[in-house]
Amino acid sequence: MTYTTPRPEPFAILALPRTGTHYLEVLLNEHPNVLSNGELLNEYDTNWPDKDRLLRGDRELLELAYVRYPTRSDKQVTHVGCKVNEPQFHDHPGFFAELVRWPGLKVILLVRRNILESLRSLVQARQSGQWLKFSSDKDAAPPPQVRLPIADCEAYFKTADDFHARVAHSFAPANLLAIEYESLLQEPAACLGTVWDFLGVPTLQLSGRAILQRQEARPLDQTVENFDELRLHFADGPYSRFFEVAAV
């Protein structure tokens, strides 16, 4: 009699940029049964040896992620995943629909309470070229102050609303778990406990070895040069909450 190894259960991490997906993935990969292989649609992601993979069709990309994924000898993988940031769907317009159709897929949606923090961080990273900070980078200069045009903020806030709504409407509640960036930073063990239950893997106590650090700890009014202008513009509107408290 021939026995075949069951295919690992698939999951995806979906989010806007600068919402802690890299940190979440580092924590997920501490589990001996969980493997998350980075950004499937990022041509520069070193997790993927196939540098020409983005020339493939959407279905082929998902087969690469969940069937022919890069393996690790130190894991007995029962759950395999990848992450996709919202802008990457624009370069692959049919990919989201193909993702929704993937059998048995579970989705972790990582959200940030204050989307202005996400936009500020994204602009800082683009200007500085620094996308990650590690515990060894103690002497690194703080990220630069930025000026955010009103139109850019309006567009980004709407993009976030539309994307979160699209994810919520596309996946069954039992297959969707929303995690807040702020909760992940403040209570990583509790958040990961929820994730383990959602994926259906044994609970794992975190090692505490994660070496990623927040790049920006200063409040918004000290890092966004035109913060007062923005707060005045968005006052009394649906996004005024992003300007109620300057501190993170």
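Because the structure is a prediction, the values reported are computed rather than measured.

Novice: For the pairing of strand 2 (residues 34-39), give the residues involved together with the corresponding values.
Specialist: Here strand 2 lies mainly inside the structure; six of its six residues are buried. Regarding the hand of the β-α-β motif, the stretch spanning strand 2, helix 2 (residues 58-66) and strand 3 (residues 79-85) is right-handed.

Novice: How would you summarise the nonpolar core if you had to cite specific residues and measurements?
Specialist: A general trend in soluble globular proteins is that nonpolar side chains are found buried together. Residues Leu 14, Tyr 66, Phe 95, Leu 116, Leu 148 and Phe 157 are the most contacted members of the largest nonpolar core, which totals 48 residues. If you list the elements that add at least two residues to this core, you get strand 1 (9-15), helix 2, strand 3, helix 4 (95-101), strand 4 (106-111), helix 5 (115-128), helix 6 (150-170) and helix 10 (227-234). By residue number, the principal contributor to this core is helix 6, which donates six residues. Aside from chain neighbours lying at most four places away, what touches Phe 95 is Leu 40, Leu 41, Asp 58, Leu 61, Leu 62, Val 84 and Phe 89. Within the second largest apolar cluster, 21 residues are counted, among which are Phe 11, Leu 177, Trp 196 and Phe 198.

Novice: Tell me about the pattern of salt bridges, residues and numbers included.
Specialist: Under the counting rule described, the total for this entry stands at 14 salt bridges. Residues Arg 59 and Glu 98 are paired through a salt bridge, measuring 3.8 Å at the closest nitrogen-oxygen approach. In this pair, Arg 59 sits in helix 2 while Glu 98 sits in helix 4, placing the two residues 39 residues apart along the sequence. Of the charged contacts, one joins Arg 101 and Glu 98 as a salt bridge, the two residues approaching to 3.1 Å between their closest N and O atoms.

Novice: Tell me what's going on with the packing of aromatic side chains, and back it up with residues and numbers.
Specialist: Ring pairs (aromatic) are described by centroid distance and by the angle formed between their planes. Counted under the stated rule, the structure contains 12 aromatic pairs. Judged by centre distance (5.6 Å) and plane angle (45°), the ring pair of Phe 227 and Phe 243 falls under tilted. Remark: Phe 243 occurs in the segment after helix 10 and Phe 227 occurs in helix 10; sequence separation between them is 16 residues. The buried category is assigned to Phe 227, whose relative accessible area is 2%. Through successive ring pairs, a cluster of aromatic residues spans Phe 157, Phe 227, Phe 234, Tyr 239, Phe 242 and Phe 243. Geometry around Phe 198 places Lys 106 over its ring, the cationic atom sitting 5.3 Å from the centre.

How each quantity is defined
Residues numbered from 1 in each chain as written. Predicted model: local features only at pLDDT ≥ 70, side-chain atom pairs only at ≥ 80, totals over all residues. Heavy atoms only, no water. Buried < 20%, exposed > 50% of the residue type's maximum accessible area, 1.4 Å probe, protein only. Helix = DSSP H or I, 4+ residues; strand = E, 2+ residues; numbered from the N terminus. Right-handed = clockwise from strand over helix to strand, strands pointing away. Core = buried A, V, L, I, M, F, W, Y, C linked by side-chain atoms within 4.5 Å. Contact = heavy atoms within 4.5 Å. Salt bridge = Lys/Arg side-chain N within 4 Å of Asp/Glu carboxyl O. Phe/Tyr/Trp six-rings, centres within 6.5 Å; stacked < 30°, edge-to-face > 60°. Lys NZ or Arg CZ within 6 Å of the ring centre and 35° of its normal.

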